[in-house]
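The lines below spell out each chain.
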Amino acid sequence: MTKNYSLKHLEELESESIYVIRELAAQFEKPALLFSGGKDSIVCFHLASKAFFPAKVPFPLVHIDTGHNFNETITYRDDLVKQNGVNLIVGSVQASIDSGRVTEEKGYNASRNVLQTVTLLDTIEQYKFDACIGGARRDEEKARAKERFFSHRDEFGQWDPKNQRPELWNLFNGKKNIGEHFRVFPISNWTEMDVWQYILKENIEMPSLYFTHERDCFVRDGVIYAHTNVIPLKPTEKVEKMQVRFRTIGDVSCTGAVLSKANSLQEIIQEVAATRVTERGSRIDDKRSEAAMEDRKKQGYF
């Protein structure tokens, strides 16, 4: 009984998400799918593939490359693009730094994650995208819980949480003025558990980072970081090998790992069911201030 209910629940979520994606294709002229290589954007791509099957996904993937990505993420991204014959557009944060559009942070806690916003907005402007699919879910973080399926952005790429359009009976208003665009979030109503159960049900291949592996790590302020040349070590910090995996994937400088023994999708699902810490609890960029995510979203972040 429980298994049947769960499958029915996933089928309803899938149906809703495919409907949203098809509405996007119907209402906008130049949509794109923001692709980070994380589980949510992978599921969004899978849903888009089902929405337009047997045709290919009719819009490009857009990856904002910080230059500080995990190698596994880039490998997965390139393999997915090659296997599915879709277009990939890469916005480079390094290029934004080199051109003087943004200034790179310095110090032990420096991160390029915040710099992505300028690169993203520049990429949207360059290619004239009028809607971008994002993998944000309402259960992730309080700012994301305020989003609609169709989330309006003004001509500066900014989001106003107090001035959003009502969405009644799955009617989505995509009207916009010149220079404005929308962010569209088809898996808004999914939870982390839903995502992993759906990945298991659909047998979706995932990056190896999500499964337990041995990695050189160090601990800072209670967070486990992968040891790379991106984050300078403090004199008191020691590198040691740990059995870890990542619940969320982003820039190396702000993505924490968790100790884990989960080597399969079934074990990940069991681990998610037992944990009492949100997946973004290991994202350092969310801890810079109490309203860090909302402030970034207002400026044009994912």
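Scroll up for the structure.
Counting restarts for each chain, with residues numbered from 1 along the sequence as it is written. With pLDDT at 70 or above as the cut-off, local features in this predicted model cover only qualifying residues; side-chain atom pairs require 80 or more to be listed or tallied, and sums for whole chains, interfaces and linings still use all residues. With hydrogens and water set aside, each side-chain value is computed from the structure's full complement of heavy atoms.

1. A closer look at the environment of D154
In plain terms, the rule: Secondary structure elements follow DSSP: runs of H or I no shorter than four residues count as helices, runs of E no shorter than two count as strands, and numbering proceeds from the N terminus. Relative accessible area decides the class of each residue, using a 1.4 Å probe on protein chains only: under 20% of the type maximum gives buried, over 50% gives exposed, and in between gives partly exposed. Note on contacts: a residue pair is in contact if any heavy atoms of the two residues lie within 4.5 Å. Polar contact is the term for a pair of N or O atoms within 3.5 Å; when the atoms are in protein, one must be able to donate a hydrogen and the other to accept it, and sequence-neighboring residues count only if both atoms are side-chain atoms.
Mapped onto the elements of the fold, D154 is located in the loop between β5 (150-153) and β6 (181-184). Here D154 falls in the partly exposed class, since its relative accessible area comes to 22%. Distance from D154 to K176, taken between C-alpha atoms, is 8.6 Å for residues 22 residues apart in sequence. If near-sequence neighbours (up to four positions away) are discounted, D154 is found in contact with G179 and E180. Among the polar contacts made by the side chain of D154, one reaches the main-chain amide nitrogen of Q158 at a distance of 2.9 Å.

2. Describing the sheet that holds strand β3 (residues 88-92)
What counts, and what does not: By definition, two strands form a pair when at least two bridges between them are found by DSSP. Only the stretch in contact is used when a helix axis is fitted, and all axes are lines through C-alpha atoms; the angle between N-to-C directions ranges over 0 to 180 degrees.
Taken in spatial order, the six strands line up as β3-β2-β1-β4-β6-β5 in an open sheet, and their pairing is mixed. Two strands bound the open sheet, and with one partner strand each, they are β3 and β5. Across the sheet, the mean angle from the axis of one strand to that of its neighbour is 30°, orientation sign disregarded. For β5 and β6, the ladder comprises four bridges, and the chain directions are antiparallel. Each bridged residue has a counterpart across the sheet, and for H152 the counterpart in β6 is F182.

3. Here's the deal with a nonpolar patch on the surface
This is how it is decided: Candidates for patches are residues over 30% relative accessible area with no salt bridge; among them, like charges are joined within 9 Å and nonpolar side chains (Val, Leu, Ile, Met, Phe, Trp, Tyr) within 5 Å. Reported accessibility uses the Shrake-Rupley method at a 1.4 Å probe radius. Residues are deemed covered only where the shown protein chains occlude them. Salt bridge criterion: a side-chain nitrogen from Lys or Arg within 4 Å of a carboxyl oxygen from Asp or Glu.
Where nonpolar side chains cluster on the molecular surface, the patch consists of L168, W169 and L171 and spans about 420 Å² of accessible area. If you trace the backbone, L171 turns up in the loop between β5 and β6.

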